[in-house]
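In case you want the letters, here they are:
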Amino acid sequence: VSTQSTWGIRGAKCAVVVTQRKVPDKLLRPETVTHVFHVTKNIGCVITGRIADGKAFLYKARQEASNFWYKNGYDIPVSFLAKRLADSAQLTTQNVGQRPYGVALILVSMEQMDDGTLAPKIYKVDPAGSYLGWFGTASGQKETEAINYLEKKHRGGKMDNLSVEDSIVLAIGTLQSVLASDFKATELEVGIVTEDHPAFRLLTDEEIDRHLTAIAEKD
Amino acid sequence: MSSIGTGYDLDTDTFSPDGRIFQVEYATKAVDNSGTAIGLLCRDGVVVGVEKTLISRMLVPGSNRRSMAVDIHAGLALTGLTADARQVISRARAECSEYKNSFGVPIEGRVLADRLAMYYHMFTLYWSLRPFGCSALVASYGDDGPQLFMIDPSGSSWGYYGCAIGKGRQVAKTELEKLDLGKLSCVEAVKAIAKIIHLVHDPTKDKIWELEMSWVCDASNRRFQPVPQDLLAQAEEEAKKQVGDSEKTKTTAMSE
C-alpha cells in the first residue's frame, strides 16, 4: 500500500505541486522514479496511488488534450481537461466488467481567462469521477491533516496574495509540519507553473535546496 | 502478512475494502514462487540470467528459452508462468516492429518498457481478463545507452541498475547491492549473476535445472544474444566452486 503524500497550492500568480519521492531500493535508478508528468507543455499532473493506473489515466489525459488541440486549434483549458477525465473515470464506476482507477490526479496549469489574462488553477480528479477546483488540496497519506493545515493558511483568502517564492515555501513547509519530518531535496518532487513561465516544470534539486534552507533558517 | 481476500479476490475488477486488488497480488505470487531471474546494468551493456527449473532430464539443453530477443538491440527475460511469458514476448516484438515502421529508428528501452507496462496494466482493469502471471526484465542497448527495466504484474515499471525477481530475490538483492552498480563490465556481470543464481538455487527443492543467460553489449555488437557457451561454462565453474566453498565452510562450522 502506497505511503505517498501529495499536495498542491495556488498563489496569486502561480500553482505549485509537491510530492514525496521515495526510492526504497538502492538497486533502482532514481531518475526513473517519478510521479510527476506533463499532460501538455502547460499542464502538469501528479499521480497519487497505483502508478500503473495513473500512467494509463495520464495517457488518456494526453490523448484528450491532443484531440482538443487538433479539433479546436488551441490548447485545452485545464478545467475542461479535468471535466473530461472525471467523466471518463465515472464510466469506470458504472460500466460492467471494469474497475475504477486507483489514483487521484492533481492537475495544475495557468489557464487563460476570457479577458486574456492567465490565472493559476489546480484541479483534483478522483476515482469516483468527481472533480473540483482548489485553492489548496492534498492527496494520499495525511490528506485530511494537510487539507486542514492549508485551510488555516488560506483563511481570509490569504493564499490569493501569495508570491511565487512564498507559495513554494508554503508548499514545502506544509510537508515539514504535516509529515513532521525533514526532507532532502532529492526526496521531493516540486512542479510549478507561473505567470512568467506558464510551461510546467520541475524545480531542480538546487532550487529545492535553496527553499529548504530558507525554511530552516526561518525556524 | 498474507490475508485472505475472501470475496474480494475473485475478480480483477474488484477492489478490497483496504484498496487492494487481490488478483494482481496473487499474480505476483506466481512470479515469487518461480525460478529466480536477475538483470544487471553494466557500463558496456546489460546481462540477464534465469534459473530454469526443468521438469525432465530429457529436455534438450538450451531449449525452451526464457530470455528472448524482441528486436535486434533488445530482449526480455521473464519469470513466472511460461505460457504467459510467451504472450508478453509476442506483444513486445510487435511493439518493436511497429515502432520501427512508424518512426524509422529502433525503439528506446524506456519507451518499450512503458508500452509493455501499459499492456500489462490493461489486463488488470477488466473482469474478462486476468493479470499476467509473470514479471519481465527488459534489457536494451541502443543510442540511449544500456537500459534495464522491470515490469511486474500490476503494470508498474521502473529503471534498475540491478534487479532480481522470483523465489531467490531477497538473497539475490542483498548480493547485488554489494556490486559496483552500473560500473561492472558485462563479463564481470556474467560471473556475478552465475554466482548469485547458484547461491540462491535450492538443490533439494529443484533438482533438475539449467542456468540460462543472455546479454546485449559491446562484445555482442549490441545484439541481444545468448551469452557465449564457453564464457557461460567458465562462469558456472567458478560459481559452483565459490558456492561449494561457502557450503563447505558452513558444514565444517556445523560439525565443530
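Rules behind the numbers
- Residues numbered from 1 in each chain as written.
- Chains lettered and ligands numbered in written order.
- Predicted model: local features only at pLDDT ≥ 70, side-chain atom pairs only at ≥ 80, totals over all residues.
- Heavy atoms only, no water.
- Phe/Tyr/Trp six-rings, centres within 6.5 Å; stacked < 30°, edge-to-face > 60°.
- Buried < 20%, exposed > 50% of the residue type's maximum accessible area, 1.4 Å probe, protein only.
- Lys NZ or Arg CZ within 6 Å of the ring centre and 35° of its normal.
- Pairing = 2+ DSSP bridges.
- Helix = DSSP H or I, 4+ residues; strand = E, 2+ residues; numbered from the N terminus.
- Axes fitted to C-alpha atoms, helices over the stretch in contact; angles between N-to-C directions.
- Contact = heavy atoms within 4.5 Å.
- 1 Å grid on protein atoms, 1.4 Å probe; cavity = no way out; pocket = protein on both sides within 12 Å on 5 of 7 lines; lining within 4 Å.
- Points joined across faces, edges and corners; volume = space filled by probe spheres on them.
- pLDDT = per-residue confidence, 0-100.
- Salt bridge = Lys/Arg side-chain N within 4 Å of Asp/Glu carboxyl O.

Section: the packing of aromatic side chains
All told, the structure shown has ten aromatic pairs over all chains when counted by the stated rule. With a centroid separation of 5.2 Å and an interplanar angle of 80 degrees, the aromatic rings of Phe68 of chain A and Tyr74 of chain A are classed as edge-to-face. Note on Phe68 of chain A: relative accessible area 11%, which makes it buried. Look at Tyr74 of chain A and you get partly exposed, because its relative accessible area is 47%. Each ring, one from Phe123 of chain B and one from Phe132 of chain B, has its centre 4.5 Å from the other, and the planes form 45 degrees; the classification is tilted. Like Phe132 of chain B, Phe123 of chain B is buried. Put simply, the rings of Tyr119, Tyr120, Phe123 and Phe132 of chain B touch in pairs and so form one group of aromatic residues. Sitting over the ring of Trp134 of chain A, Lys124 of chain A keeps its end group 5.0 Å from the ring centre.

Let's talk about the sheet that holds strand S5 (residues 103-112) of chain A
Strands pair in a sheet through their backbones, by hydrogen bonds, and they do so in one of two ways: parallel or antiparallel. All names here are of chain A. Here we have five strands laid out as an open sheet, ordered S3-S4-S5-S6-S7, and antiparallel in their pairing. The sheet terminates laterally at strand S3 (36-38) and strand S7 (131-133), the two strands that pair on one side only. Averaged over all neighbouring strand pairs, the angle between strand axes comes to 25 degrees, with direction disregarded. With eight bridges joining them, S5 and strand S6 (residues 118-125) adopt antiparallel strand pairing.

What to know about the side chain of Ser185 of chain B
Residues and elements named next belong to chain B. Relative to the helices and strands, Ser185 resides in the loop between helix H4 (169-177) and helix H5 (186-200). By relative accessible area, which is 11% here, Ser185 ends up buried. Excluding residues within four positions of it along the chain, Ser185 makes contact with Cys42, Arg43 and Asp44.

A short note on empty space enclosed by the protein
Evaluation of the coordinates by the stated rule reveals one cavity of 30 Å³ or more. The space that makes up the largest cavity amounts to roughly 40 Å³. Forming the boundary of the largest cavity are Ile51, Ala52 and Lys55 of chain A together with Ala117, Met118, Gly155, Ser156 and Ser157 of chain B. Every element with two or more residues in the lining of the largest cavity is listed here: helix H1 (51-72) of chain A together with helix H3 (109-122) of chain B. Considering each element in turn, the lining of the largest cavity owes the most residues, three residues, to H1 of chain A.

Section: the confidence of the model for chain B
All names here are of chain B. Mean pLDDT over chain B works out to 93, with 94% of the residues at or above the 70 mark. pLDDT under 50 marks residues 251-256. Its contacts with residues more than four places away, or in other chains, come to zero contacts. Confidence metrics for the complex model read pTM 0.88 and ipTM 0.80.

Some details on the pattern of salt bridges
The final tally for this structure, using the stated rule, is 28 salt bridges over all chains. For Lys184 of chain A, the salt bridge identified is with Glu187 of chain A, shortest N-O distance 3.9 Å. Given the relative accessible area of 53%, Lys184 of chain A is considered exposed. On the basis of relative accessibility, which here comes to 27%, the residue Glu187 of chain A falls in the partly exposed class. Close ionic contact of Asp32 of chain B with Arg169 of chain B constitutes a salt bridge, the shortest N to O distance being 3.4 Å. Remark: Arg169 of chain B occurs in helix H4 and Asp32 of chain B occurs in helix H1 (residues 22-32); sequence separation between them is 137 residues. Given the relative accessible area of 24%, Asp32 of chain B is considered partly exposed. Several salt bridges converge on common partners, so that one network encompasses Lys52, Arg65, Glu210 and Glu212 of chain B.

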